[in-house]
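# Architecture at a glance
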Amino acid sequence: MSGTAHAARHDAPDQPVFVGQVKDKLEALFPSYPTRMACLLPALWMVQEARGWISPDAIAEVATVLGLTPAYVRGVATFYTMYHLHPVGRHFIQVCGTSPCHLCGSDEVMKAILQQTGCGEVGATSPDDRFTVIEVECLGACGFATPILVDDDFHDSVTPERVAGVLARYP
Ligand code: FES
């Protein structure tokens, strides 16, 4: 089963995110957390779900809503590879490139992914806007090289030969 794609990323990127149902969803979280600051990660996730990426305007909006500074919000957002600070393709692929997987051939898996997606290079988005591919540190599945994440889906033991089958699940 395919995970969450970024279908809404071109949906009015300069408009506020925390209005209507999204605002209600965030405010419903407040009683479950000790402070508003503690809602920062889910708030960033809501922005990404709504827009596909987290723009500087969205960072400023999150800061205002949670009573933080934009610098603080940006500092947190840049710490995690799961948050996109620039537009990405409909599907976001993360490939482990850390030493144990590298020794087991993750570079060949990466080459196959870059070639078959049309991304060409790490960090790029394919010309058809379908995929963005990045290399990440250990995904916690070192015994199942090469692990990759496509959106929210985990795939283990990916080989160059299996890449086409995995990609075909993400139109
Ligand atoms: S080194 Fe690749 S999953 Fe741990």
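Fair warning: this is a prediction, and the values are worked out from it, not measured in the lab. (Residues numbered from 1 in each chain as written. Predicted model: local features only at pLDDT ≥ 70, side-chain atom pairs only at ≥ 80, totals over all residues. Heavy atoms only, no water.)

## Looking at the overall build of the protein chain
Applicable threshold: What counts as a helix is a DSSP run of H or I of at least four residues, what counts as a strand is a run of E of at least two, and both are numbered from the N terminus. Residue contacts follow a heavy-atom distance rule, with two residues in contact if any of their heavy atoms lie within 4.5 Å. Charged-residue counts in this description rest on Lys and Arg as positive and Asp and Glu as negative, His and the chain ends being excluded. All charge positions are set by atom: Lys at NZ, Arg at CZ, Asp at CG, Glu at CD.
Scanning the protein chain for helices and strands turns up 7 helices and 4 strands. For the protein chain, the sequential pattern of α-helices and β-strands runs α-α-α-α-β-α-α-β-β-β-α. Its C-alpha atoms give the protein chain principal-axis dimensions of about 50 × 30 × 30 Å. A separation of at least 24 residues holds for 65% of the contacts in the protein chain among residues at least 6 apart in sequence. Charge-centre separation for the protein chain: the mean point of 11 positive side chains lies 4 Å from the mean point of 19 negative side chains.

## Here's the deal with the pairing of strand β1 (residues 91-96)
Within a regular strand, side chains alternate between the sheet's two faces. Filter applied, for reference: Relative accessible area decides the class of each residue, using a 1.4 Å probe on protein chains only: under 20% of the type maximum gives buried, over 50% gives exposed, and in between gives partly exposed. For two strands to pair, DSSP has to find at least two bridges joining them.
For β1, a buried count of 6 out of 6 residues is recorded, marking the element as mostly surrounded by other parts of the structure. Of the two faces of β1, the one lined by His91, Ile93 and Val95 and the one lined by Phe92, Gln94 and Cys96 are each fully buried. Pairing of β1 with strand β2 (residues 131-136) involves 6 bridges; the strand directions are parallel. Directly across from Phe92, in β2, lies its bridge partner Thr132.

## A look at the packing of helix α2 (residues 40-51) against helix α3 (residues 56-66)
Stated formally: Helix axes are fitted only over the stretch in contact, all axes being lines through C-alpha atoms; the angle between N-to-C directions runs from 0 to 180 degrees. By definition in this entry, angles of less than 35 degrees are roughly parallel, angles greater than 145 are roughly antiparallel, angles of 65 to 115 are roughly perpendicular, and the rest are oblique. Note on convention: the crossing is left-handed when the near helix lies turned anticlockwise from the far helix by less than a right angle, right-handed when the turn is clockwise.
Relative orientation of the contacting elements α2 and α3 amounts to 140 degrees, with a least axis distance of 11 Å. When the axis of α2 is compared with that of α3, the two are oblique. For α2 against α3, the interelement crossing comes out right-handed. For the pair formed by α2 and α3, the contact residues are Leu40, Ala43, Leu44 and Val47 on the first element and Ala58, Val62 and Leu66 on the second.

## Here we look at the domain arrangement of the protein chain
What counts is decided by this rule: Domain start and end points were adopted from an automatic or database domain assignment.
Along its sequence, the protein chain is carved into domain 1 (1-87) and domain 2 (91-167). Just the C-alpha atoms count here: the centres of domain 1 and domain 2 sit 26 Å apart.

## Quick word on a nonpolar patch on the surface
As a reminder of what qualifies: Only residues whose relative accessible area exceeds 30% and that form no salt bridge enter a patch; like-charged residues are grouped when within 9 Å of one another, and nonpolar side chains (Val, Leu, Ile, Met, Phe, Trp, Tyr) when within 5 Å. Per-residue accessibility takes into account occlusion by the displayed protein chains alone, with areas from the Shrake-Rupley method and a 1.4 Å probe. We define a salt bridge as a contact between a side-chain nitrogen of Lys or Arg and a carboxyl oxygen of Asp or Glu at a distance within 4 Å.
Nonpolar side chains collect at one region of the surface, where Leu41, Trp45, Phe79, Tyr80 and Met82 lie side by side and expose about 460 Å² of accessible area between them. Tracing the sequence through the fold places Met82 in the loop between α4 (70-79) and β1.

## Describing the side chain of Asp153
In plain terms, the rule: Whenever a nitrogen or oxygen atom comes within 3.5 Å of another N or O atom, the pair is scored as a polar contact, on the condition that within protein one atom can donate a hydrogen and the other can accept it, and that pairs from neighbouring residues in sequence are kept only if both atoms are in side chains.
Relative to the helices and strands, Asp153 resides in strand β4 (residues 153-155). An unpaired buried charge is present at Asp153: no salt bridge exists, and Arg169, the closest side chain of opposite charge, is 5.5 Å distant. A polar contact of 2.7 Å, which involves the side chain of Asp153, links it to the side chain of Tyr170.

## Some remarks on the pattern of salt bridges
What the rule picks out here adds up to 3 salt bridges. Measuring nitrogen to oxygen at the nearest pair gives 3.4 Å for the salt bridge that ties Glu27 to Lys23. Here Lys23 and Glu27 lie together in helix α1 (residues 20-29), a separation of 4 residues that amounts to about one turn. The exposure class of Glu27 is partly exposed, given its relative accessible area of 37%. The partner of Glu108 in a salt bridge is Lys111, with the nearest N and O atoms 3.2 Å apart. On the criterion of helical spacing, the pair formed by Glu108 and Lys111 is a turn pair, its members being 3 residues apart in helix α6 (residues 106-117). For Glu108, a relative accessible area of 37% translates into the label partly exposed. For Lys111, a relative accessible area of 52% translates into the label exposed.

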